[in-house]
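# Coordinate analysis (summary)
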Amino acid sequence: MKNVILFLIMIFSAMSLRAEYKKGDLLYNNEFDSKNALGGIAEQSFIPDEGISKDGAFRVMGYNGSNFISFKLDAEKMKGVVGVEAVVKGVDIKATEKPYHGAKVMMEIKRKNGRTIYSEPRTLQRSGSFDWCTVTMIELIPDDVESVTMMIGLQNTTGQFYIDSLKIFRVIEQP
Ligand SMILES: [Ca+2]
């Protein structure tokens, strides 16, 4: 656990100017360990015995179009700076023409002023095959947030993309 926190502090430090951050309260935690993990959404994506600890994972199959598992988070609860940690795996994801297509763990933040922010982990590999790995991002959820939607899947490509767990933490700036 200590190593994970140190690792996160390093990542967050690198990503963010000079400030250091640490994990605060856990705001969202999903281990994708049953077909009902998203309350009935994407039940057919559940694969038992998958994931790092074989507790189950959700799988998205690419069909050249866009195929996402998408679900809303509690926007009120997310307000402020949050850190997202996703454990993912890719299998035979075809390289795409556009650099921003391919595997996605995306947070879509809609604001009351009509604007939309898309946040994605910088270290997520978009294509190819890669073993279970943790990708992280931090994002400021503005006060005028209207909705926060997680979109996990494949855009304009083929292959398989798995998610084993998704955690969202409050992020606290170190004085
Ligand atoms: Ca899991």
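These figures come from a predicted structure and were not determined experimentally.

### Regarding the environment of Val82
Mapped onto the fold, Val82 is located in strand S5 (residues 80-93). With 23 C-beta atoms counted inside 10 Å, the residue Val82 sits in the buried group. Sequence-wise, Val82 and Val171 are 89 residues apart; in three dimensions their C-alpha atoms are separated by 5.1 Å. Leave out the neighbours within four places in its chain, and Val82 touches Leu27, Ile138, Glu139, Ile141, Ile168, Phe169, Arg170 and Val171.

### Structural notes on the nonpolar core
Within the largest apolar cluster, 34 residues are counted, with the highest numbers of intra-cluster contacts made by Phe58, Val82, Ala86, Val88, Phe161 and Ile163. Residue contributions to this core peak at seven residues, all from strand S10 (residues 158-173). Not counting residues within four places of it along the chain, the set of residues in contact with Phe58 comprises Phe32, Ala37, Ala42, Ser45, Phe46, Ile69, Tyr162 and Ile163.

### A short note on the sheet that holds strand S7 (residues 116-119)
The strand order S4-S9-S6-S7 describes an open sheet built from four strands, whose pairing is antiparallel. Two strands bound the open sheet, and with one partner strand each, they are strand S4 (66-73) and S7. Going from strand to strand, the sheet's axes swing by 25° on average, the running direction of each strand aside. In this sheet, strand S9 (residues 145-155) lies alongside strand S6 (residues 102-111) in antiparallel orientation, the contact comprising 10 bridges. Note that in S9 the partner of Ala103 across the bridge is Leu154.

Rules behind the numbers
- Residues numbered from 1 in each chain as written.
- Predicted model: local features only at pLDDT ≥ 70, side-chain atom pairs only at ≥ 80, totals over all residues.
- Helix = DSSP H or I, 4+ residues; strand = E, 2+ residues; numbered from the N terminus.
- Buried ≥ 20, exposed ≤ 12 C-beta atoms within 10 Å, placed from the backbone.
- Contact = placed C-beta atoms within 7 Å.
- Core = buried A, V, L, I, M, F, W, Y, C linked by C-beta atoms within 7 Å.
- Pairing = 2+ DSSP bridges.
- Axes fitted to C-alpha atoms, helices over the stretch in contact; angles between N-to-C directions.

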